[in-house]
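Structure assessment
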Amino acid sequence: RDKRCIWDIQVHRGRITAIYSDAVRVVTAGADGRVRAIDVMTGNVLQTVAAHPGCGVRSLQVDPNRFVTAGNDGTVLVWFWGSQHGTTGETGIQLRHILAPHESLAMVALAFSVSVADLVKWNNLGGERKPYPGLQLVIRKDGASGSEGGSAP
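An account of the accompanying structure is given in this report.

Parameters and conventions
Each chain carries its own residue numbering, running from 1 in the direction its sequence is written. Only residues with pLDDT of at least 70 get local features here, since the model is predicted, and only at 80 or more are side-chain atom pairs given and counted; chain-wide, interface and lining totals rely on the full set of residues. Processing note: side-chain calculations cover all non-hydrogen atoms of the structure and skip hydrogens and water entirely. For two strands to be treated as a pair, DSSP must find at least two bridges joining them. Runs of H or I in DSSP of at least four residues are treated as helices and runs of E of at least two as strands, each being numbered from the N terminus. The angle between two axes is taken between their N-to-C directions and runs from 0 to 180 degrees, where each axis is a line fitted to C-alpha atoms and a helix contributes only its stretch in contact. The salt bridge definition used is simple: a Lys or Arg side-chain nitrogen within 4 Å of an Asp or Glu carboxyl oxygen. Note on classification: 1.4 Å probe, protein chains only; a residue is buried when its accessible area is under 20% of the maximum for its type, exposed when over 50%, partly exposed between these limits.

A closer look at the sheet that holds strand β7 (residues 76–80)
- The three strands lie next to each other as β5-β6-β7, forming an open sheet whose pairing is antiparallel. Each edge of the open sheet carries a strand with a single partner, namely β5 (57–62) and β7. Going across the sheet, the axis of each strand differs from the next one's by a mean of 20°, ignoring polarity.
- Two strands pair when backbone bridges link them, and strand β6 (residues 66–71) and β7 are joined in this way by five bridges, in the antiparallel orientation. Among the inter-strand pairings, Thr 69 is bridged to a residue of β7, identified as Leu 77.

See below:
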């Protein structure tokens, strides 16, 4: 590897079909149907979404709030940064959000229309466990309850 290269990481099984980069992240889409956002400075994977499993991602568009993928099957999907659909069931939808360095729990609560108290409960925060940049927060919607702790990506 060239010493001028910041990092080198295998991000997809198969070929990369689209790429975007800015000062903060590199976003790639692959024939494996996944989209990955990678921190420019560290090479850490910030977010992975199985956008179009089985058919692959044909195209990718990115803006500061979301990214849009077009699959080889003709579907178009819109995703918000730091969030991905988790499980859906009788108790509602569970989302995940990766806490950014500039974000507070109050900002995340406002963005997802939930309370700070619920974020604390759903992610086992409090006492010695404090929120930090990179923490993967669980966000439950539509009556979902329980306690599943967030974890670092």
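A closer look at unusual backbone geometry
- In this model, Asn 124 sits at a positive phi of 50°, which is unusual for a non-glycine residue.
- Within the secondary structure, Asn 124 sits in the loop between α2 (116–122) and β10 (136–141).

Digging into the pattern of salt bridges
- Enumeration over the complete set of coordinates arrives at one salt bridge.
- In this structure, Arg 25 engages Asp 22 in a salt bridge whose closest nitrogen and oxygen atoms are separated by 3.8 Å.
- In this structure Arg 25 comes out as buried when scored by relative accessible area, which is 15%.

Purely geometric stuff here, so don't read any function into it on its own.
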